[in-house]
Amino acid sequence: MSKAYLIATVAAVCVMMVAASVQAKPVIGQPAPQFTLEDHNGKSVSLADFKGKIVVLEWWNEGCPVCARHARAGTMKKLVNTYADKGVVLLAINSTASCTNESNRKAAEQFSLNYPILNDSKGDVGRAYGARTTPHMYVIDKNGVLVYMGAIDDDPGGNKKEVVNYVARALDELLAGKPVSTPETRPYGCSVKYAR
Amino acid sequence: MNTTHGRKERHNNLGPNNMRFFALTCGPRTAYSTAAMRYWVEITTVCWIVASLAVWAAEAAPAGEHPATARLLADVSTAAPGRPFRVGVLFTMAPSWHIYWKNPGDSGMPTMIRFAGPAGTEFSSLHWPAPWAFSDGEMTTYGYEGSVLLWATATLPQNTPVGGTVEISAECQWLVCRRECLSGGAKLALSLRVGDVPVPADADVFARWAGSLPVAAASPECPVELSVTRQAAGDRQRGASFRIAGRWKGRAGRDVAACPDSGEAFKVEGIRVERLADGFIILLNAEVFKGKEQDGSELPVVVSFTDGAGVRRGVNVALPMRPGH
């Protein structure tokens, strides 16, 4: 009886640990999860490659109309154009189960993106970051610490006259040596189409 | 290219012939195909050109492939100046597709409607029937499958000339998803006569959806007794855990969901619903985002369920975020 109870307890703890690891989410102020993925040209890209730089991650899926809207509006391209020479790197990550380097290359071409799309079709990196939507944005400071996660801006419908770009604001604050005033917001967009 | 839609509109009885509308929906059918993406840009461009050129059409063109259609309705065919009436958009989705509640949940986008009328017309905020929760095990979203009416109360200015007509319009935007998502939009309009006495229309549609509007927990028609317990905040600085216990007053409901109206201020996680013989227990953790503390004293939650008669219903609950609040 007590043996069965012990086995049940151990099993329950194991289930809880697995559940905890699946749900592990990055925490603001803690080191961002490390990753190595291939970009749309097949080149290996690691977060560690950008030590000393600020890294912006955008969860991306070209089939999501919200991503496509921002791509057409040049929301992310403008970030690259504004902040690239200030030591900021933007990486798109595609955790769509069906994505390939080839499909990412085509999408990068189609939308004339000036940043790479990394292939996370297994979804491991997306799950490590708790990425839920496309787009879902993360900002990692020069020391590899996560300082922002959430929406790109406060305009889910793309129809506001005055838009607050949360990522740009976080970058401005970081570059001015200030803490990020809004470290977390609710992301919006399509759900990430993870492999099951 | 034919891109304007409203698949079912040809068969719709919109009431009096003086009601006109025009609908526009855009988007790719297949969200994953790169070939489709190329068309997407073209289709979208064409859509916007059509949108900018189109005058109010008497009837929407057939629906094509977009999985959601929108139809503008009023609960009067003749409105009286200064007398409130209801105006709503009835969304109809293809099987297995859904649009989103005001809080879409872990992903998605709120459905948006902007009503407009003659200068001085007042519109209330949008009324949202009790939503469904959709969960894939990893993410939970809130919205509507099948169909839903989202409506507002409109009031024409007192000085609106009697005997003429007025035009009410609704600009709609939505994201419609099953596994993939498509964005859609519609510019709808209808004409109403203006008279001294209102003449009702489409009363059944409005009555049906008014029956799904969440009610106050204290109201007599609330079919469930609720009690809220605020539990230890744990290590969360701006958070709290809540337990909502519900007991059915009469016939038990099913498909109970806790739908937090989180707005921009709250992060809500770990929602669990346990079914009991005579009710349910809901557990959830809520946290106010840093910088949003002033907006976050109470978290509104709609506890939604399907009642014994098969009607989706809801109860409004406010969760106190501060101890002793």
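Since this is a predicted model, take the numbers as computed values, not measurements.

**Here's the deal with the sheet that holds strand β20 (residues 312–320) of chain B**
All names here are of chain B.
Moving on, step 1. Spatially, the four strands line up as an open sheet ordered β13-β20-β19-β16, and their pairing is mixed. The open sheet has two edge strands, β13 (215–216) and β16 (254–260), and neither has a second partner.
Moving on, step 2. With five bridges connecting them, β16 and strand β19 (residues 298–306) associate as antiparallel partners. Its bridge partner lying in β19, proline 260 is registered against valine 301.

**A short note on the sheet that holds strand β18 (residues 279–288) of chain B**
Residues and elements named next belong to chain B.
Moving on, step 1. The strand order β14-β15-β18-β17 describes an open sheet built from four strands, whose pairing is antiparallel. The sheet terminates laterally at β14 (224–231) and β17 (266–275), the two strands that pair on one side only. If you compare each strand with its neighbour and ignore which way they point, the axes differ by 20° on average.

**Let's talk about the state of the cysteines**
All names here are of chain B.
Moving on, step 1. Enumeration over the complete set of coordinates arrives at two disulfides over all chains.
Moving on, step 2. Covalent S-S linkage joins cysteine 177 and cysteine 181, the inter-sulfur distance amounting to 2.3 Å. Disulfide cysteine 177 to cysteine 181: torsion about the S-S bond roughly 110°, handedness right-handed.
Moving on, step 3. Cysteine 177 gets classed as buried once you look at its relative accessible area, which sits at 2%.

**With respect to the confidence of the model for chain B**
Residue and element names in this part refer to chain B.
Moving on, step 1. Residues of chain B with pLDDT of at least 70 account for 78%, and the chain-wide mean is 82.
Moving on, step 2. When the criterion is pLDDT under 50, residues 1–63 qualifies, and its contacts beyond four places in sequence or with other chains add up to 140 contacts.
Moving on, step 3. Among the prediction metrics, the complex's ipTM stands at 0.79, with pTM recorded as 0.80.

**Thoughts on the pairing of strand β9 (residues 147–155) of chain B**
All names here are of chain B.
Moving on, step 1. Two elements, strand β3 (residues 85–93) and β9, share eight bridges in a ladder whose sense is antiparallel. Bridge assignment links glycine 88 to a residue of β9, and that residue is tryptophan 151.
Moving on, step 2. Examined bridge by bridge, strand β6 (residues 122–123) and β9 share two bridges and lie antiparallel to one another. Within the sheet, the bridge partner assigned to phenylalanine 123 lies in β9 and is alanine 154.

**Concerning the nonpolar core**
Moving on, step 1. Within the largest apolar cluster, 47 residues are counted, with the highest numbers of intra-cluster contacts made by Phe85, Val89, Phe91, Cys172, Trp174 and Leu192 of chain B.
Moving on, step 2. Setting aside chain neighbours within four positions, we find valine 89 of chain B in contact with Ala70, Arg71, Leu72, Ile113, Phe115, Val148, Leu149, Leu150, Ala170, Cys172 and Leu188 of chain B.
Moving on, step 3. Listed in part, the 41 residues of the second largest apolar core include Phe111, Leu113 and Leu171 of chain A together with Met109 of chain B.

**Quick notes on the packing of helix α2 (residues 65–73) of chain A against helix α3 (residues 75–83) of chain A**
Residue and element names in this part refer to chain A.
Moving on, step 1. Running from amino to carboxyl end, α2 crosses α3 at an angle of 45°, the nearest separation of the two axes being 5 Å. The pairing of α2 with α3 is recorded here as oblique in orientation. Along the contact surface, α2 presents His70, Ala71 and Ala73, while α3 presents Thr75, Met76, Lys77 and Lys78.
Moving on, step 2. Classifying every residue of the contact of α2 with α3 by side-chain character gives three nonpolar, two polar and two charged.

**Description of the interface of chain B and chain A**
Moving on, step 1. Contacts between the two partners involve 36 residues from chain B, matched on the other side by 35 residues from chain A.
Moving on, step 2. Between chain B and chain A, a total of about 3000 Å² is buried, with carbon and sulfur atoms accounting for 52% of that surface.
Moving on, step 3. For the pair chain B and chain A, the interface holds four salt bridges.
Moving on, step 4. Close ionic contact of aspartate 106 of chain B with arginine 132 of chain A constitutes a salt bridge, the shortest N to O distance being 3.7 Å.
Moving on, step 5. There are 10 residue pairs in polar contact (both at pLDDT 80 or more) connecting chain B and chain A.
Moving on, step 6. Those elements that place two or more of their residues in the side of chain B that touches chain A are α1 (34–53), β4 (98–105), β5 (112–116), β10 (165–177), β11 (181–194) and β17 of chain B.

**Details of the pairing of strand β4 (residues 88–94) of chain A**
Residue and element names in this part refer to chain A.
Moving on, step 1. The buried fraction of β4 is high, at seven of seven residues.
Moving on, step 2. With burial as the criterion, each face of β4 is covered, one bearing Val88, Leu90, Ala92 and Asn94 and the other bearing Val89, Leu91 and Ile93.
Moving on, step 3. Bridge count between strand β3 (residues 54–59) and β4: six bridges; the pairing is parallel. For tryptophan 59, the partnering residue across the bridge sits in β4 and is isoleucine 93.
Moving on, step 4. Bridge count for β4 against strand β5 (residues 117–119) is three bridges, and the pairing is parallel.

**A few points about the packing of aromatic side chains**
Aromatic ring pairs are defined here through the distance separating the ring centres and the angle between the ring planes.
Moving on, step 1. Scanning the entire structure with this criterion turns up 11 aromatic pairs over all chains.
Moving on, step 2. The interplanar angle of 70° and the centroid separation of 6.2 Å between the aromatic rings of phenylalanine 35 of chain A and tyrosine 129 of chain A together place this pair among those described as edge-to-face. Taken together, the residues phenylalanine 35 of chain A in the loop between α1 (2–23) and β1 (36–38) and tyrosine 129 of chain A in helix α5 (residues 124–129) connect sequence positions 94 residues apart. As far as burial versus exposure is concerned, phenylalanine 35 of chain A and tyrosine 129 of chain A are alike and both buried.
Moving on, step 3. Consider the rings of phenylalanine 91 of chain B and tryptophan 174 of chain B, whose centres lie 5.5 Å apart with planes at 80°: the pair is edge-to-face. Of this pair, phenylalanine 91 of chain B sits in strand β3 while tryptophan 174 of chain B sits in strand β10, and the two are 83 residues apart along the sequence. Accessibility classification places phenylalanine 91 of chain B together with tryptophan 174 of chain B in one group, the buried group.
Moving on, step 4. Site record: aromatic cluster; members linked through ring pairs are Phe35, Trp59, Tyr129 and Tyr138 of chain A.
Moving on, step 5. Here arginine 127 of chain A stacks its cationic end above the ring of tyrosine 194 of chain A, 4.5 Å away from the centre of that ring.

Calculation rules
Residues numbered from 1 in each chain as written. Chains lettered and ligands numbered in written order. Predicted model: local features only at pLDDT ≥ 70, side-chain atom pairs only at ≥ 80, totals over all residues. Heavy atoms only, no water. Pairing = 2+ DSSP bridges. Helix = DSSP H or I, 4+ residues; strand = E, 2+ residues; numbered from the N terminus. Axes fitted to C-alpha atoms, helices over the stretch in contact; angles between N-to-C directions. Disulfide = S-S within 2.5 Å. Buried < 20%, exposed > 50% of the residue type's maximum accessible area, 1.4 Å probe, protein only. pLDDT = per-residue confidence, 0-100. Contact = heavy atoms within 4.5 Å. Core = buried A, V, L, I, M, F, W, Y, C linked by side-chain atoms within 4.5 Å. Parallel < 35°, antiparallel > 145°, perpendicular 65-115°, else oblique. Nonpolar A, V, L, I, M, F, W, Y, C, P; charged D, E, K, R; others polar. Buried area = accessible area lost by both parts, 1.4 Å probe. Salt bridge = Lys/Arg side-chain N within 4 Å of Asp/Glu carboxyl O. Polar contact = N/O pair within 3.5 Å; in protein donor to acceptor, adjacent residues only side chain to side chain. Phe/Tyr/Trp six-rings, centres within 6.5 Å; stacked < 30°, edge-to-face > 60°. Lys NZ or Arg CZ within 6 Å of the ring centre and 35° of its normal.

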